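# A structural walkthrough
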Amino acid sequence: MIPAYVIERLFWESRGISIQEVVYLEMVYALIIVLFEVPTGVWADHTARRRLVQIGVTLEWLSFIVILYSFTFTGFFVAISCSAVGSVIRSGAENALLYESLQESHEASSFERVLGKLNAIGIVAAVVAALSGSMLAQYLPLEWNYGISILSLMMATLCSVFLVEPTHREREERLTWRHLFKGFRFIWSNRQLRYVTISFLAAVSAFNFIDEFWQLYARDVSVPIYWFGVISSGLLLIQLPGQLFAGTIVRVAPSERWLKQFGWVMGGGFLFIGLFPSPIGIGVMGLLALLYGAMEPLYYGLLHHQVPSSIRATTESSVSMLWHLGILGLGVVFIIGTTASLFLAFSMIGLVVWVVHATAR
């Protein structure tokens, strides 16, 4: 639970960080993610994964300490860099450690259910953090939120010490540059997985723009601002059923069947939101969030059930890198659309998702 996130921009502004500097820092964060996502995944496949999780959480904790005592762009640059490096170090290693821990206890088939429950806990924590953070900010200095966040991350760092590394793992001892491309090659060589991955990434990259811009959409369709807190919490909480029942959903029909429809529904939702702007569009965003909550654990379950242990973290990091590149690509489409209107931007993203989904075969 990180209550500082809810007042992040206000705190940065109070420390003299301008909007332009915020954009620069976001670009630094994204660049680090893209550059180091796959190399750290390869690293995770050649060392103890729990160690990387520990390093990643510690770096996140240090980034908050640096921010709390920073009053210059340089200080925030160091903090954001620590946070980004910590994120990419954990990426891939966490789910790989989870899957192989379950595999060791002969419960790998429950991966979707366990991952969904963990994601659900994260969503609830985010809602609690947002509500508590906003209340604290109303009555206490903004620094209090960061102090509590540092304590929370310190607890996470201490808990990570008790993680246990699975004893049976496939490892390739000799590390070469070819390892950087093994995750991509594995996905590309499996025709069915390649199609599902491309479609999934197009859809989830699109969903990022609901997360980032629903406030502007709500404003433009005349939703009163006092509803914004309810909408924000609702878009998170509505993902819970999908996350919690992912293990049940996969028993009704195979993951591939669900994921093959994901792109069509996501693209159609964006087209509806853009072509028929109204408060109903917020409800459609909620339905897309519900679908997203279910599809995320289904995709990662499908991936981990197939990928070899020796490149498990590498492959997931490769997927994460493609995801961020997808967001950047759709960002260009979104910017072009907003030169006319926000609604056109949403429609264009929906059309691109449909085109990608239709041609991924």
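The structure presented is a predicted model; accordingly, all values stated were derived computationally and were not measured.

Conventions used here
- Residues numbered from 1 in each chain as written.
- Predicted model: local features only at pLDDT ≥ 70, side-chain atom pairs only at ≥ 80, totals over all residues.
- Heavy atoms only, no water.
- Helix = DSSP H or I, 4+ residues; strand = E, 2+ residues; numbered from the N terminus.
- Buried < 20%, exposed > 50% of the residue type's maximum accessible area, 1.4 Å probe, protein only.
- Contact = heavy atoms within 4.5 Å.
- Areas by Shrake-Rupley, 256 points an atom, 1.4 Å probe, with all protein chains shown as cover.
- Salt bridge = Lys/Arg side-chain N within 4 Å of Asp/Glu carboxyl O.
- Axes fitted to C-alpha atoms, helices over the stretch in contact; angles between N-to-C directions.
- Parallel < 35°, antiparallel > 145°, perpendicular 65-115°, else oblique.
- Left-handed = near helix turned anticlockwise from the far one by under 90°.
- Nonpolar A, V, L, I, M, F, W, Y, C, P; charged D, E, K, R; others polar.
- Core = buried A, V, L, I, M, F, W, Y, C linked by side-chain atoms within 4.5 Å.
- pLDDT = per-residue confidence, 0-100.
- Expected span 1.5 Å × (residues − 1).

The subject of this paragraph is the overall build of the chain. Secondary structure assignment for the chain yields 16 helices and 0 strands. Counting across all 361 residues of the chain, residues that qualify as buried make up 51%. For the chain, the share of sequence-separated contacts (at least 6 apart) that also reach a separation of at least 24 residues comes to 82%. Roughly 17,200 Å² of accessible area belongs to the chain as shown, and the carbon and sulfur atoms make up 70% of that amount.

Tallied over the full model, the rule gives 1 salt bridge. Salt-bridge contacts for Arg219 lead to Asp220; the nearest nitrogen and oxygen are separated by 3.0 Å.

What follows covers the packing of helix α5 (residues 93–104) against helix α14 (residues 280–306). Between α5 and α14, whose axes approach to 11 Å, the crossing angle comes to 65 degrees. Accordingly, the angle class assigned to the pair α5 and α14 is roughly perpendicular. Seen from above, α5 lies across α14 with right-handed handedness. Counting all contacts with α5, which are made through Asn95, Ala96 and Tyr99, the residues of α14 involved are Tyr300, His304 and His305. Its residues assigned to classes, the contact of α5 with α14 comprises 3 nonpolar, 3 polar and no charged.

As a further point, take the nonpolar core. Core analysis: the largest hydrophobic core is formed by 58 residues, its most contacted members being Tyr217, Met285 and Phe346. When residues no more than four places from it in sequence are discounted, the contact partners of Phe346 are Phe209, Ile210, Phe213, Tyr217, Phe270, Ile273, Gly274, Met285 and Phe334. By size, the runner-up hydrophobic cluster in this structure holds 15 residues, among which are Leu68, Ile80, Tyr146 and Leu153.

Let's shift gears to the confidence of the model for the chain. Here the chain averages 80 in pLDDT, while 88% of its residues score no lower than 70. The secondary-structure element of the chain with the lowest mean pLDDT is helix α1 (residues 8–14), recorded at 70, while helix α16 (residues 342–359) shows the highest, at 91.

Turning next to α14. The terminal C-alpha atoms of α14, which comprises 27 residues, lie 40 Å apart, in line with the 39 Å expected from a rise of 1.5 Å per residue. Of all the 27 residues making up α14, 20 are buried; the element is thus mostly covered by neighbouring parts of the structure.

What follows concerns the environment of Ser232. Relative to the assigned elements, Ser232 resides in helix α10 (residues 228–237). Linking Ser232 and Asp211, residues 21 residues apart in sequence, is a C-alpha distance of 8.9 Å.

Turning next to the side chain of Ser83. Structurally, the position occupied by Ser83 is in helix α4 (residues 73–90). Classification of Ser83 by relative accessible area gives buried; the value is 9%. When near neighbours in sequence (up to four residues on either side) are disregarded, Ser83 contacts Tyr29, Glu60 and Ser63.

The next subject is α16. Think of an α-helix as turning once every 3.6 residues; residues three or four places apart then point the same way. Taking 1.5 Å of rise per residue, 18 residues should cover 26 Å, and α16 covers 26 Å from first to last C-alpha, within 8% of that figure. Considered for burial, the residues of α16 that qualify are Leu342, Phe343, Ala345, Phe346, Ser347, Ile349, Gly350, Val353 and His357. Those residues of α16 that are buried are in contact with α9 (191–220), α13 (255–275), α14 and α15 (312–338).

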